[in-house]
Amino acid sequence: MSYQSQTYAIASRQEDLERHLLEASVVDREQLAVAKRWQERQEGPLLMILLQLSFIDLQQFSGLLDWSGHGRMDTSY
């Protein structure tokens, strides 16, 4: 997979995650915006940032990992 297609796939998965977080009312738009700003600074997975900011708890974190279908943390979120 080329770097460009890999970057697109990561962005697409993050968009899916963001949509899910909002639709399921896990976070609100303001919390998501704050988390994304932190993510830009730290260049980390969105789920980890949400956990660090206490916008989600460990149980939600675990459920979101299961939802993502990965079962592990990577840079796509």
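Here is what the cut-offs are and how they apply
- Residues numbered from 1 in each chain as written.
- Predicted model: local features only at pLDDT ≥ 70, side-chain atom pairs only at ≥ 80, totals over all residues.
- Heavy atoms only, no water.
- Helix = DSSP H or I, 4+ residues; strand = E, 2+ residues; numbered from the N terminus.
- Buried < 20%, exposed > 50% of the residue type's maximum accessible area, 1.4 Å probe, protein only.
- Contact = heavy atoms within 4.5 Å.
- Areas by Shrake-Rupley, 256 points an atom, 1.4 Å probe, with all protein chains shown as cover.
- Salt bridge = Lys/Arg side-chain N within 4 Å of Asp/Glu carboxyl O.
- Polar contact = N/O pair within 3.5 Å; in protein donor to acceptor, adjacent residues only side chain to side chain.
- Core = buried A, V, L, I, M, F, W, Y, C linked by side-chain atoms within 4.5 Å.

## Some details on the overall build of the chain
So, step 1. A count of helices and strands for the chain gives four helices and zero strands.
So, step 2. Sorting the 77 residues of the chain into buried and exposed places 31% on the buried side.
So, step 3. Excluding contacts between residues fewer than 6 apart, the proportion of contacts in the chain whose partners are at least 24 apart in sequence is 48%.
So, step 4. Accessible surface, the chain: about 5200 Å² in total, of which carbon and sulfur atoms supply 48%.

## Concerning unusual backbone geometry
So, step 1. Non-glycine residue Ser25 carries a positive phi angle of around 55°.
So, step 2. With respect to the helices and strands, the residue Ser25 is situated in the loop between helix 1 (3-23) and helix 2 (29-42).
So, step 3. Residue Ser25 is classed as exposed on the basis of its relative accessible area of 61%.

## Considering the environment of Phe55
So, step 1. If you trace the backbone, Phe55 turns up in the loop between helix 3 (46-52) and helix 4 (58-68).
So, step 2. Measuring from C-alpha to C-alpha, the distance between Phe55 and Asp28 comes to 9.4 Å, with 27 residues separating the pair along the chain.
So, step 3. Residues contacting Phe55, with those up to four places away along its chain left out, are Val26, Val27, Gln31, Val34, Ala35, Leu50 and Gln60.

## Brief notes about the pattern of salt bridges
So, step 1. In total, this model carries two salt bridges according to the counting rule given.
So, step 2. The shortest N-O distance in the salt bridge between Asp16 and Arg19 comes to 3.0 Å. A residue pair is termed a helical-turn pair when its members lie 3 or 4 positions apart in one helix, as Asp16 and Arg19 do in helix 1 at three residues.
So, step 3. One salt bridge in this structure joins Lys36 and Glu18, with 3.2 Å as the shortest N-O distance.

## Focus on the side chain of Ser68
So, step 1. Along the chain, the position of Ser68 falls in helix 4.
So, step 2. Relative accessible area serves as the criterion here: at 15%, Ser68 is assigned to the buried category.
So, step 3. At 2.7 Å, the side chain of Ser68 and the backbone oxygen of Leu65 are in polar contact.

## Some words on the nonpolar core
So, step 1. Residues Leu21, Val27, Leu46, Leu47, Leu50, Ile56 and Leu64 are the most contacted members of the largest nonpolar core, which totals 14 residues.
So, step 2. Where this core is concerned, the elements lending two or more residues are helix 1, helix 2, helix 3 and helix 4.
So, step 3. The element that contributes the greatest number of residues to this core is helix 3, accounting for four residues.

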